[in-house]
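Tertiary structure, described
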Amino acid sequence: MTRLNRLLLGTARAMFAAGGVLLVLMLALTLTNIGARTLFHHSLRGVVEISGFLCAAAIGLSLPLAQLKGCHVAAGLLEERLPAAWIRAQQVLTAAACVFFLGVTATEMASLGFFVLDVDERIDGWNFSYYGLVFALAAGCVVQALVLLAELARVLIGRGKSGAGELRAGERGERAAGMFRAGEMVS
């Protein structure tokens, strides 16, 4: 495993853990809101907005590890019937397009984060500015783009895809299904 792969994997694992913390915070906030509605007959202001930003940041932080570990949905219906050159071209085009769109998304999210920071925008009813969550989503996009860029480089130099990308289509599905079995964790 190269230093770049180790760095990307370590970064993706740390981001995945941070995404898990955000998910737990979102759950706690939602449960608190449900309790407030039950006890006080009204919801807490701004909970929907905060939960939405927490969810987006958690997803953005979790995607790079899912890509590295092959825990995403992969549709390879025609993969076994296409020539290797076509598959390679598809991998290159898909990875390049995703890197481009993730770069645009990261730029836009960072721009939004700086805007929110500059105007000191706060969530209604809370003394809470959400720029950190927007930057977390931007960081997730950047790391996801780097993961795909590394995968693109491996395809271009002829070493194929990394990790789960080398698995056959059936093995991918079994591995992804393993994520949801009781007691198993993504390593």
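Look a little higher up for the structure.
The present account deals with the structure reproduced in this document. Here the structure is a predicted model, which means the values were calculated and not measured.

All right, on to the packing of helix 1 (residues 3-40) against helix 2 (residues 47-69) then. Direction vectors running N to C along helix 1 and helix 2 enclose 155°, while the axes themselves pass 8 Å from each other. In terms of orientation, helix 1 and helix 2 fall into the roughly antiparallel class. Pair helix 1 / helix 2 crosses with left-handed handedness. Grouping the amino acids of the contact of helix 1 with helix 2 by side-chain chemistry returns 21 nonpolar, five polar and two charged.

Further remarks concern the nonpolar core. Counting 24 residues, the largest nonpolar core has L22, L54 and L68 as the members making the most contacts within it. Contributing elements (two or more residues each) for this core: helix 1, helix 2 and helix 4 (131-156). Residue contributions to this core peak at eight residues, all from helix 2. Ignoring any residue separated from it by four or fewer positions in sequence, one finds L22 in contact with L54, A57, A58, L61 and L133. Core analysis: the second largest hydrophobic core is formed by six residues, V99, L102, C141 and L148 among them.

Let us look at a nonpolar patch on the surface. Where nonpolar side chains cluster on the molecular surface, the patch consists of L27, L31 and I34 and spans about 280 Å² of accessible area. Examined against the element boundaries, L31 turns out to sit in helix 1. Given the relative accessible area of 51%, L31 is considered exposed.

Reading the values: rules and limits
- Residues numbered from 1 in each chain as written.
- Predicted model: local features only at pLDDT ≥ 70, side-chain atom pairs only at ≥ 80, totals over all residues.
- Heavy atoms only, no water.
- Axes fitted to C-alpha atoms, helices over the stretch in contact; angles between N-to-C directions.
- Helix = DSSP H or I, 4+ residues; strand = E, 2+ residues; numbered from the N terminus.
- Parallel < 35°, antiparallel > 145°, perpendicular 65-115°, else oblique.
- Left-handed = near helix turned anticlockwise from the far one by under 90°.
- Nonpolar A, V, L, I, M, F, W, Y, C, P; charged D, E, K, R; others polar.
- Core = buried A, V, L, I, M, F, W, Y, C linked by side-chain atoms within 4.5 Å.
- Buried < 20%, exposed > 50% of the residue type's maximum accessible area, 1.4 Å probe, protein only.
- Contact = heavy atoms within 4.5 Å.
- Patch = residues over 30% accessible without salt bridge, like charges linked within 9 Å, V, L, I, M, F, W, Y side chains within 5 Å.
- Areas by Shrake-Rupley, 256 points an atom, 1.4 Å probe, with all protein chains shown as cover.
- Salt bridge = Lys/Arg side-chain N within 4 Å of Asp/Glu carboxyl O.

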